[in-house]
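# Structure at a glance
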Amino acid sequence: MFVPFFEKLRDAGVPVSLREYLTFLEAMKAGLATYDVEGFYYLARSAMVKDERNIDKFDRAFAAAFKGLENITLDQVLEAVDLPADWLEKRAEKHLTPEERAEIEALGGFDKLMETLRERLKEQQGRHQGGNKWIGTGGTSPFGAHGYNPEGVRIGQDKSRHQRAVKVWDKREFRNLDDSIELGTRNIKVALKRLRRWARDGAADELDLDGTIRSTAEHGYLDVQTRPERRNAVKVLLFLDVGGSMDAHIRVVEELFSAARAEFKHMEYFYFHNCLYEGVWRDNRRRWNAQTPTQDVLRTYGSDYKCIFVGDASMSPYEIAYPGGANEHWNAESGQTWLTRAREQWPSNLWLNPVPQRQWDYTHSIAMIREIFEDNMVPMTLEGLERGMRSLTR
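To keep things clear, this report deals only with the structure shown in the data block. (Residues numbered from 1 in each chain as written. Predicted model: local features only at pLDDT ≥ 70, side-chain atom pairs only at ≥ 80, totals over all residues. Heavy atoms only, no water.)

### Observations concerning the overall build of the protein
- For the protein, the count of helices and strands is 16 helices and 14 strands.
- Evaluated residue by residue, the protein yields a buried proportion of 40% over its 394 residues.
- A total of about 22,500 Å² of accessible surface is found on the protein, and carbon and sulfur atoms cover 48% of it. (Helix = DSSP H or I, 4+ residues; strand = E, 2+ residues; numbered from the N terminus. Buried < 20%, exposed > 50% of the residue type's maximum accessible area, 1.4 Å probe, protein only. Areas by Shrake-Rupley, 256 points an atom, 1.4 Å probe, with all protein chains shown as cover.)

### Overview of the packing of aromatic side chains
- For the coordinates displayed, the defined rule picks out 26 aromatic pairs.
- When the centroid spacing of 4.6 Å and the interplanar angle of 40 degrees are considered together, the rings of Phe6 and Tyr21 count as tilted. Taken together, the residues Phe6 in helix α1 (residues 3–11) and Tyr21 in helix α2 (residues 18–29) connect sequence positions 15 residues apart. Both residues of the pair, Phe6 and Tyr21, count as buried.
- Relative to Trp346, the ring of Phe239 has its centre 5.9 Å away and its plane inclined at 45 degrees; by these criteria the two rings are tilted. (Phe/Tyr/Trp six-rings, centres within 6.5 Å; stacked < 30°, edge-to-face > 60°.)

### Description of empty space enclosed by the protein
- What the rule picks out here adds up to one cavity of 30 Å³ or more.
- Taken as a whole, the largest cavity spans an internal volume of roughly 60 Å³.
- Along its surface, the largest cavity is lined by Leu192, Val236, Leu238, Leu256, Ala260, Phe264, Met267, Ile308, Leu352 and Met389.
- For the lining of the largest cavity, the elements supplying multiple residues, two or more each, are β8 (235–241) and α11 (250–263). (1 Å grid on protein atoms, 1.4 Å probe; cavity = no way out; pocket = protein on both sides within 12 Å on 5 of 7 lines; lining within 4 Å. Points joined across faces, edges and corners; volume = space filled by probe spheres on them.)

### Some thoughts on the nonpolar core
- Counting 31 residues, the largest nonpolar core has Phe239, Phe309, Leu339, Trp346, Trp351 and Ile369 as its most contacted members.
- Per element, the largest residue contribution to this core is four residues, and it comes from helix α15 (residues 364–372).
- Look past the residues within four positions of Phe239 in its chain and what remains in contact with it is Phe270, Phe272, Leu276, Val280, Val297, Cys307, Ile308, Phe309, Val310 and Trp346.
- With 26 residues, the next largest nonpolar core counts Val242, Phe257, Phe264 and Trp281 among its residues. (Core = buried A, V, L, I, M, F, W, Y, C linked by side-chain atoms within 4.5 Å. Contact = heavy atoms within 4.5 Å.)

### Overview of the pairing of strand β13 (residues 349–353)
- Taking burial as the measure, the five residues of β13 include five buried ones, the bulk of the element.
- By the alternation rule, side chains of β13 split into Asn349, Trp351 and Asn353 and Leu350 and Leu352, which are all buried.
- When strand β12 (residues 306–310) meets β13, the two strands line up parallel, connected through four bridges. Within β13, the position partnered with Phe309 by the bridge is Trp351.
- Pairing of β13 with strand β14 (residues 377–379), which is carried by three bridges, proceeds in the parallel orientation. (Pairing = 2+ DSSP bridges.)

What follows is the structure in structure tokens.
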């Protein structure tokens, strides 16, 4: 029954092997994720994903393979599920206090619970709020939404208040950019090379062939000469917009990111969403609990860094101009304030926009970002990259 799931994983580009698939089947046979959709998801992911860069691909394949699994109707569940009594007892011992178990047992056990639910579905007319009997919202009835009961059934609710049935594979979590993607064109790398500034520093550990030949000829014996390794001395600070409207530009941004990682030895990068605010992050899967204060970034990296923002600059103008305008959190200061601080800290700066330049005039927020950057915005084309790299070397 899991063969279609396995095929969807392979189609999505998850490099799952037959051995990993068999390990997953053994775990299922052992009952490690019985009657638990979320546990099943984590079991499958741990068995068949060996590289965190493939988690997003796995999530999309899982959602496609098991679409609707969390929306099975009550009657379907009651007809299909045959819960062993000993399993129910163990679950009760693990999750319920003695008082709660006594309350459930007072209903007559699982069968009585389901029977009562059916009766109340037939009896109830209209919406009910609160209380402990009717099916509705709030309250402590075993059935309904936005309330709590230890063995309850959730009905008519789009999300869980207690996070007991969250669809983790469909959560809107922005994924990290892949820095090892095969470049669609080598010209991006060639364009970035214009930003190189070579310098010789460090220990003299590189063979100086010309110097060795010259010194050997002068002295009449082999005289090996060394010199400091020639290094790319330019420092780059990259801010990458991810999520939302940027999803349409993932491929070209990944190509740019991969080329930049290969080209610059001194490169730091951070993610943001839509506009720069008081926090940025390194890992999109932890963007809510592992943010780096933007003020720390401003203090850490010196003004000799080349600062490049990559984003479509397409958002509500309020997100740029006003405190509280951000669409995901309350921002005490406007995005424009933080962008201005960044440009003052790193005078050599640039905004790369993957949106075709001919479309810029149709989006008010793009015009606002261009004004903040004093028109130093270029399209993410080869010509645009060439022009942008030239501006950063001035």
